Amino acid sequence: GDMEKRDDSEDMKNTEGEQGLKETDKKTPSKTENAEKNLNEGKDLDTLLHHLYIAHELAVNENKNVWFQRHSEDISNENIIKITLREAYWDLFREQLTQEPPKLDMAFELLAEIKKGLELVMTPNITTLRKQVAEVLDLDLLRTQAEHGAIDVMYYARYITSVISKICAPVRDKTVAQLSKETDIVAIFRGIVEILSLMKCDLLSFSLAAIKPDIMANHLAYERDTFREYINAIGGTLPRTSKWLAKHIRPTISTEDIVCGAYIDILTWGPSDLFPETLFLEEERLRRLNLDYFRLTVSCTILFLSLGLMPQSFHTEDFKQSVKTFILIMIVEAKTDA
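Residues numbered from 1 in each chain as written. Predicted model: local features only at pLDDT ≥ 70, side-chain atom pairs only at ≥ 80, totals over all residues. Heavy atoms only, no water.

Turning our eyes to something else, we now look at the nonpolar core. Core analysis: the biggest nonpolar cluster contains 39 residues, and Phe93, Leu118, Ile160, Ile164 and Phe189 have the highest contact counts within it. Put simply, the parts of the chain that give this core at least two residues each are α3 (77–97), α4 (105–121), α5 (127–136), α6 (139–147), α7 (153–167), α8 (173–181) and α9 (185–233). Not counting residues up to four positions away in its chain, the partners in contact with Phe93 are Met106, Ala107, Leu110, Val186 and Phe189. The next biggest cluster of nonpolar side chains, apart from the first, holds 7 residues, and it includes Trp244, Trp269, Leu279 and Leu286. (Core = buried A, V, L, I, M, F, W, Y, C linked by side-chain atoms within 4.5 Å. Buried < 20%, exposed > 50% of the residue type's maximum accessible area, 1.4 Å probe, protein only. Helix = DSSP H or I, 4+ residues; strand = E, 2+ residues; numbered from the N terminus. Contact = heavy atoms within 4.5 Å.)

Here you go:
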């Protein structure tokens, strides 16, 4: 009898354990489910930020192309490195093509990337050409040809150039015509990559031009609503904004003066200072303004010190202008006061 009770008791425990395990399984998501949830939330947040950024930039910039080209004229160390790497890539591509026999690994990879680029710039209504491109630039065929060293690189270069000539914006016709006359294979592929990059911007510009009137008509409400969604997505609080404003709160100061003082304070921030959440869309502009303020302060200081050391007879407008120009040239690369 005791044995039967113990067996029954153990069976009940096992049953309870199994039920508890099942309930736990129901209540606690698996690691995979959590990962998928976080991934989806990350994608949603990225999309939200992307939409907010586009709406904001379209509203701020009268010229919709300004923000495409914001970094293109910046001859920074980062861009110099990119240019150097790009040159090295094309040098290596040429080296592979001129080997005996030619090595076609890079040619295959480049054609695969160009195919993706063409698919991006071809609008959905170009069905016949899209189908033809898919057949001619068949990746399985190209891979087989590459493995056997049989890719006719010039044929594909000419074909891609002809496709681009049919779908590019009129503003690119002259460049494509020049590319059609090019005989250097590396120069042709390099030109194709550059034109495809420009065509992506052309297509985006066209799309943005179509939706800009709607965004401009409602951009304040749209930005406000989208920003509210963004705040909710990151937890519903603005700790950096609160801390930023709290530093400037004084009992006798008005709200306007508090905000004004907070913005002026940004002009003296260093590179490591974190911007408030409410200004993340303007951080790049404010960083540039911060740098301009620093250079202006340094320029004025040096100018006043220089004039103080010079006889009064030197204080002509031409001399002041010369000194100012010289100072600006000297500090053009100045980044911080460190």
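From this point, the narrative continues.
Our next topic: unusual backbone geometry. Note the cis peptide between Glu100 and Pro101, where omega equals -5°. Relative to the assigned elements, Pro101 resides in the loop between α3 and α4.

Here we come to the confidence of the model for the protein. Residues at a pLDDT of 70 or more form 73% of the protein, whose mean pLDDT is 77. Under a pLDDT of 50 for its full length, residues 2–43 has, in the predicted model, 1 contact with residues more than four places off or in other chains. Note that pLDDT drops below 50 for residues 66–79; the model gives that stretch 20 contacts with residues more than four away or on any other chain. (pLDDT = per-residue confidence, 0-100.)

Bringing α7 into the picture now. Along its 15 residues, α7 runs 22 Å from first to last C-alpha, staying within 8% of the 21 Å computed at 1.5 Å per residue. Along α7, the residues that are buried comprise Val153, Tyr156, Ala157, Tyr159, Ile160, Thr161, Val163, Ile164 and Ile167. (Expected span 1.5 Å × (residues − 1).)

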